[in-house]
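# Residue-level structural notes
Each chain, written out:
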Amino acid sequence: MIDHTTLITYVLIVLGFVFIPGPATLLTMARAASSGTKVGIATGAGIAAGDLVHTGMAIVGLSAIIATSALLFSIVKYAGAGFLIYLGIRAMLDKAPIALNGGAPPIGAGRAFREAVLTEVLNPKTALFFLAFLPQFVKPEHGAPALQLAILGVVFVLLGLVSTVVFAVGAGRLGNLLRRHPAVVKWQGKVVGTIYCAVGLRLALQER
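The text that follows walks through the structure, step by step, so that each part is easy to find. (Residues numbered from 1 in each chain as written. Predicted model: local features only at pLDDT ≥ 70, side-chain atom pairs only at ≥ 80, totals over all residues. Heavy atoms only, no water.)

### Quick word on the side chain of T55
Position of T55 relative to the elements: it lies in helix α3 (residues 37-68). Looking at T55, the relative accessible area reads 3%, which means it is buried. (Helix = DSSP H or I, 4+ residues; strand = E, 2+ residues; numbered from the N terminus. Buried < 20%, exposed > 50% of the residue type's maximum accessible area, 1.4 Å probe, protein only.)

What follows is the structure, given as structure tokens:
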């Protein structure tokens, strides 16, 4: 099973991801601001459901690779580390627009949930993120890789859901803050980018 040190490190890194405003957070807040807290929570739940789908796909693909070849798994881990570093650099350089439109027409919770699920499932960057991120914390010598991947994926989804609910409930105040202070969104890209790069470098430094 996953050792406590690895799990604690993983949880702290994931908390850094999910509680810094990103695309999923901004979508949730936009829905909550335009259609109410219930719709915002439904959007967050839809994003979480989509992430569960990506977790399942990552488990199937990565478990097969691990079972087939330790060398291939090492290649996947290093490729994933490189991809995370790339994402980090892009996040630090990209300009993040404020995507909070409180004047958008309201929609129902059911539609918001379905649209969020579809948007998340069809996002190739999310699929690549799960394939790159989860293996960094899997240690085949600690037991079934599929079970480790499942635990890591579920923890990520649950923490993400908690964060989107928190942001949905506070969408009014947080939305106003982000609109008045665009630098908040600008700096979140730099912070998230730093976390991506740190996770990407973690494996290279640990394996040498």
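More follows now that the structure is in view.
### Let's talk about a nonpolar patch on the surface
A contiguous nonpolar patch, built from I8, L12, L15, F19, V162 and V166 and spanning about 520 Å² of accessible area, is present on the exposed surface. Residue assignment for the nonpolar patch shows that the elements contributing at least two residues are α1 (4-18) and α7 (145-169). Of the residues forming the nonpolar patch, the biggest block, 3 residues, is contributed by α1. With respect to the helices and strands, the residue V166 is situated in helix α7. (Patch = residues over 30% accessible without salt bridge, like charges linked within 9 Å, V, L, I, M, F, W, Y side chains within 5 Å. Areas by Shrake-Rupley, 256 points an atom, 1.4 Å probe, with all protein chains shown as cover. Salt bridge = Lys/Arg side-chain N within 4 Å of Asp/Glu carboxyl O.)

### Topic: the pattern of salt bridges
Oppositely charged side chains can pair when the atoms bearing their charge come close. If you walk through the whole model with that rule in mind, you get 3 salt bridges. Ionic pairing is found between E115 and R31, a salt bridge with its closest N-O pair at 2.4 Å. Separated by 84 residues along the polypeptide, E115 in helix α5 (residues 109-121) and R31 in helix α2 (residues 23-35) bring together distant segments of the chain. Judged by its relative accessible area of 27%, E115 falls in the partly exposed class. Residue classification places R31 among the partly exposed residues on the basis of a relative accessible area of 21%. Salt bridges here are not isolated pairs; linked through shared partners, they connect R31, R111 and E115.

### Considering the environment of S34
Examined against the element boundaries, S34 turns out to sit in helix α2. Considered as a pair, S34 and A171 are 137 residues apart in the sequence and their alpha carbons are 9.6 Å apart.

### Comments concerning the nonpolar core
In terms of nonpolar packing, the biggest core is built from 23 residues, with Y10, F17, F129, F133, L134 and F156 touching the most fellow members. For this core, the element with the most residues is α1, which contributes 5 residues. (Core = buried A, V, L, I, M, F, W, Y, C linked by side-chain atoms within 4.5 Å.)

### With respect to the packing of aromatic side chains
The geometry of an aromatic ring pair is captured by two quantities: the separation of the ring centres and the angle between the planes. Summed over all chains, the structure comprises 7 aromatic pairs. Between the aromatic rings of Y10 and F137, the centroid separation amounts to 5.0 Å while the plane-to-plane angle is 75°, which identifies the pairing as edge-to-face. On the criterion of sequence distance, the pair formed by Y10 in helix α1 and F137 in the loop between α6 (124-133) and α7 is long-range, its members being 127 residues apart. Of the residues examined, F137 reaches a relative accessible area of 1% and is grouped as buried. Where F130 meets F156, the ring centres are 5.3 Å apart and the plane angle is 65°; that geometry is what we call edge-to-face. Linking F130 in helix α6 with F156 in helix α7, this pair joins segments that are 26 residues apart in sequence. Judged by its relative accessible area of 2%, F130 is buried. For F156, a relative accessible area of 9% translates into the label buried. (Phe/Tyr/Trp six-rings, centres within 6.5 Å; stacked < 30°, edge-to-face > 60°.)

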